[in-house]
Amino acid sequence: NLPELVHISRFLPDVYGQAATIRDLALSFFSVEIPVYARELYRFEDSDGALYEMTRLPMGHSCSPELMHILTAVLAGHPRYVLPEFAVGNDVTVRIWIDNIRYTGPRDTVVSLGERLDSMEGPSALGVLWKKKDSQTGVTQYEFLGAFWDHVRHLVRLGAKNLFKLPISI
């Protein structure tokens, strides 16, 4: 299941970790191939009677965000989705939101996890890539999911993109 939207206070402990590593999958939905045996579930017919079968996960399909979330969680080594030997350690918090990954915790550990993500064959085997511009490793200040996170001052506030979208008050 996708994580439910909960009060921000549930995420505030994350900012007390030394640092964070962030990854975001590029073109994630369009990169996930539907296995041949499941393609019949994604068949449709047009008004002329031509039959089509999707080969890639459709972004607008109701289950696509949940499938993408699970796939990303497995790549990240989230303990809820992988065997213990593939899970991140107890000293790290891993947050997944559909195709975004954030590790928080000891700097050396989150840097190592970022390097593991970059070197693993999982993303490329699935046909997905990391967004280089959104990849950050061992940082103490960054934006993640619309918020600005500061591990030095232990604060969270609205991110620049969200502030830009808000109306100006007088």
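The text that follows walks through the structure, step by step, so that each part is easy to find. (Residues numbered from 1 in each chain as written. Predicted model: local features only at pLDDT ≥ 70, side-chain atom pairs only at ≥ 80, totals over all residues. Heavy atoms only, no water.)

1. Examining a nonpolar patch on the surface
Next, step 1: There is a patch of nonpolar side chains on the surface, built from Leu-158, Leu-163 and Leu-166 and spanning about 270 Å² of accessible area.
Next, step 2: Take Leu-158: it is sitting in strand E10 (residues 155-158).
Next, step 3: A relative accessible area of 42% means that Leu-158 is categorised as partly exposed. (Patch = residues over 30% accessible without salt bridge, like charges linked within 9 Å, V, L, I, M, F, W, Y side chains within 5 Å. Areas by Shrake-Rupley, 256 points an atom, 1.4 Å probe, with all protein chains shown as cover. Salt bridge = Lys/Arg side-chain N within 4 Å of Asp/Glu carboxyl O. Helix = DSSP H or I, 4+ residues; strand = E, 2+ residues; numbered from the N terminus. Buried < 20%, exposed > 50% of the residue type's maximum accessible area, 1.4 Å probe, protein only.)

2. Observations regarding the packing of aromatic side chains
Here a ring pair, both rings aromatic, is described through the centre-centre distance and the interplanar angle of the planes.
Next, step 1: Under the defined criterion, the tally for this structure stands at 1 aromatic pair.
Next, step 2: Consider the rings of Phe-44 and Tyr-52, whose centres lie 5.5 Å apart with planes at 20 degrees: the pair is stacked.
Next, step 3: Residue classification places Phe-44 among the partly exposed residues on the basis of a relative accessible area of 40%.
Next, step 4: In this structure, Arg-102 packs its charged tip against the face of Trp-149, placed 4.1 Å from the ring centre. (Phe/Tyr/Trp six-rings, centres within 6.5 Å; stacked < 30°, edge-to-face > 60°. Lys NZ or Arg CZ within 6 Å of the ring centre and 35° of its normal.)

3. A word on the sheet that holds strand E8 (residues 141-144)
Next, step 1: Strand order in the open sheet formed by 3 strands is E8-E9-E10, and the pairing between neighbours is antiparallel. Strand pairing shows two members of the sheet lacking a second neighbour, E8 and E10, which therefore form its edges. Here the strands of the sheet are splayed against their neighbours by 25 degrees on average, with no regard to which way each runs.
Next, step 2: Pairing of E8 with strand E9 (residues 147-150), which is carried by 4 bridges, proceeds in the antiparallel orientation. Counted as the bridge partner of Phe-144 is Ala-147 from E9. (Pairing = 2+ DSSP bridges. Axes fitted to C-alpha atoms, helices over the stretch in contact; angles between N-to-C directions.)

4. A closer look at the layout of surface pockets
Any space left empty among the atoms is revealed by the rolling of a water-sized probe across them.
Next, step 1: Roughly 400 Å³ of internal volume is contained in the second largest pocket.
Next, step 2: The wall of the second largest pocket is formed by 13 residues, among which Asp-24, Asn-100, Leu-145, Gly-146 and Lys-161 lie closest to the centre.
Next, step 3: For the lining of the second largest pocket, the elements supplying multiple residues, two or more each, are strand E1 (19-26), E8 and helix H5 (160-165).
Next, step 4: Along the lines of polarity and charge, the residues of the lining of the second largest pocket split into 3 nonpolar, 4 polar and 6 charged. (1 Å grid on protein atoms, 1.4 Å probe; cavity = no way out; pocket = protein on both sides within 12 Å on 5 of 7 lines; lining within 4 Å. Points joined across faces, edges and corners; volume = space filled by probe spheres on them. Nonpolar A, V, L, I, M, F, W, Y, C, P; charged D, E, K, R; others polar.)

5. So, the nonpolar core
Next, step 1: In this structure, Val-94, Ile-101 and Tyr-103 are the most contacted members of the largest nonpolar core, which totals 23 residues.
Next, step 2: Those elements that provide at least two residues to this core are E1, helix H2 (64-76), strand E4 (93-97), strand E5 (100-105) and helix H3 (107-119).
Next, step 3: It is H2 that contributes the most residues to this core, 5 residues altogether.
Next, step 4: Dropping the residues within four chain positions of it, Tyr-103 is found in contact with Ala-19, Ala-20, Thr-21, Ala-76, Val-88, Val-92, Thr-93, Val-94, Val-110, Leu-113 and Leu-117.
Next, step 5: In this structure, Val-15, Ala-20, Val-139 and Ala-147 belong to the second largest nonpolar core, which totals 8 residues. (Core = buried A, V, L, I, M, F, W, Y, C linked by side-chain atoms within 4.5 Å. Contact = heavy atoms within 4.5 Å.)

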